[in-house]
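# Breakdown of the fold
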Amino acid sequence: MASAEYSVLTPERVSLQYDIAGIGSRGAAAIVDTVIQLVALMVIFFALTAGLAAGSAFLSGSGPGAATLSLALFVLAVFAIADGYFILFEIIWNGQTPGKRMVGIRVIRENGYPMRPIDAVIRNLVRMVDWLPGAYGVGVLTMLLNKRSKRLGDFASGTIVVREGSRGAGALLMPSVESAESLGVRLSSADATLVRDFLVRRASLDPRARADLAARLTTVLAQRYSLTLEGEPESFLERL
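All of the points below concern the structure found in this document. (Residues numbered from 1 in each chain as written. Predicted model: local features only at pLDDT ≥ 70, side-chain atom pairs only at ≥ 80, totals over all residues. Heavy atoms only, no water.)

This part takes up the overall build of the chain. The number of helices and strands found in the chain is 13 helices and four strands. Residues counted as buried form 38% of the 240 residues belonging to the chain. In the chain, once contacts between residues fewer than 6 apart in sequence are set aside, the share between residues at least 24 apart is 62%. (Helix = DSSP H or I, 4+ residues; strand = E, 2+ residues; numbered from the N terminus. Buried < 20%, exposed > 50% of the residue type's maximum accessible area, 1.4 Å probe, protein only. Contact = heavy atoms within 4.5 Å.)

Have a look at this one:
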């Protein structure tokens, strides 16, 4: 079973708390992603069938040759979509796929920083093992046997899946490149994640801990990006 919370202390001495995403939320995200993958495969299948039917005379003039080519291309498409879908979205959406975004969960590294492209590649190549013997049998069993609900792909890549809370809150409070650039600075992905996580979770923090954490974050970021501190720490972080 998954533990309720996961704590990580960043190199900036900022303590972050995460809710671990369990089998239920991850399963719901997987269903959404699977439906999208199936639709994509159906489109590819019909496109290949129509295209090869139209060009069968050019290919070999015989049905079996066209059928073999169609099957080979479709098998390649299955492998590309089965793994490539997750790898692509988790890289460009910083640990999320359409299903994960809809459910409100995200893949991050165990140290609290955003996942790297290599992490996305590793965890999704191992997905083929997690699928065995079918319907994520190995993956579900592995998730049940560890407190952080990690499948084999997460162990291999050093990642965990966490809840982001309300989609609306996450979208509203996530630091944007445009707002940071308005102060003349572009936050690194890691620093943007620190700011985002604080803003999303600040309402649940003890007032004293909230003020202390905001002050420490503000001091660290102001020094790192040579910014002038103006106003309250939380206002400064919101502008980032």
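Below, the discussion takes up the packing of aromatic side chains. A ring pair, where both rings are aromatic, is described by two values, the distance of the centres and the angle of the planes. Across all of its chains, the model carries four aromatic pairs by this definition. Measuring from centroid to centroid gives 5.0 Å for Phe89 and Trp93, while their planes differ by 55°, and the two rings are tilted. We classify Trp93 as partly exposed; its relative accessible area is 27%. Connected via pairs of aromatic rings, a cluster forms that spans Tyr85, Phe86, Phe89 and Trp93. Note that Arg101 overlies the ring of Trp93, its terminal NZ or CZ placed 3.9 Å from the centroid. Its end group placed over the ring of Phe86, Arg127 keeps NZ or CZ at 3.7 Å from the ring centre. (Phe/Tyr/Trp six-rings, centres within 6.5 Å; stacked < 30°, edge-to-face > 60°. Lys NZ or Arg CZ within 6 Å of the ring centre and 35° of its normal.)

What follows covers the side chain of Asp33. Along the chain, Asp33 turns up in helix α1 (residues 23–54). No salt bridge is formed by the buried Asp33. Its closest oppositely charged neighbour is Lys100, at 4.7 Å. Here Gly99 takes part through its backbone nitrogen, which lies 2.8 Å from a polar atom of the side chain of Asp33. Not counting residues within four places of it along the chain, the set of residues in contact with Asp33 comprises Tyr85, Phe86, Thr97, Pro98, Gly99 and Lys100. (Lys, Arg positive; Asp, Glu negative; His and termini not counted. Salt bridge = Lys/Arg side-chain N within 4 Å of Asp/Glu carboxyl O. Polar contact = N/O pair within 3.5 Å; in protein donor to acceptor, adjacent residues only side chain to side chain.)

The subject of this paragraph is the pairing of strand β4 (residues 159–163). Of all five residues making up β4, four are buried, and the element is well covered by its neighbours. In the sheet, strand β3 (residues 105–109) pairs with β4 via five bridges, with the strands oriented antiparallel. Note on β4: the bridge partner recorded for Val107 is Val161. (Pairing = 2+ DSSP bridges.)

In the structure shown here, the tally under the stated rule is ten salt bridges. Across the pair Asp119 and Arg116 runs a salt bridge whose closest N-O atoms are separated by 3.0 Å. The class of Asp119 is buried, set by a relative accessible area of 1%. Connected through shared salt-bridge partners, Arg26, Glu90, Lys100, Arg123 and Asp154 make up one network.

This part covers the side chain of Asn124. Relative to the assigned elements, Asn124 resides in helix α5 (residues 117–125). Owing to a relative accessible area of 0%, Asn124 belongs among the buried residues under this scheme. The contacts of Asn124, once residues within four sequence positions are left out, are Asp83, Phe86, Ile87, Glu90 and Arg151.

So, about the packing of helix α11 (residues 189–201) against helix α12 (residues 207–224). As a packed pair, α11 and α12 sit with axes 11 Å apart at the nearest point and diverge in direction by 160°. Judged by the inter-axis angle, α11 sits roughly antiparallel to α12. Note that α11 runs across α12; the crossing there is left-handed. For the pair α11 and α12, contact is made by Asp191, Leu194, Val195 and Phe198 and by Arg210, Leu213, Ala214, Leu217, Leu221 and Arg224, respectively. In the contact of α11 with α12, the residues fall into seven nonpolar, no polar and three charged. (Axes fitted to C-alpha atoms, helices over the stretch in contact; angles between N-to-C directions. Parallel < 35°, antiparallel > 145°, perpendicular 65-115°, else oblique. Left-handed = near helix turned anticlockwise from the far one by under 90°. Nonpolar A, V, L, I, M, F, W, Y, C, P; charged D, E, K, R; others polar.)

So, about the environment of Ile118. The topology assignment puts Ile118 in helix α5. For the pair formed by Ile118 and Ile91, sequence separation is 27 residues and the distance between their alpha carbons is 8.9 Å.

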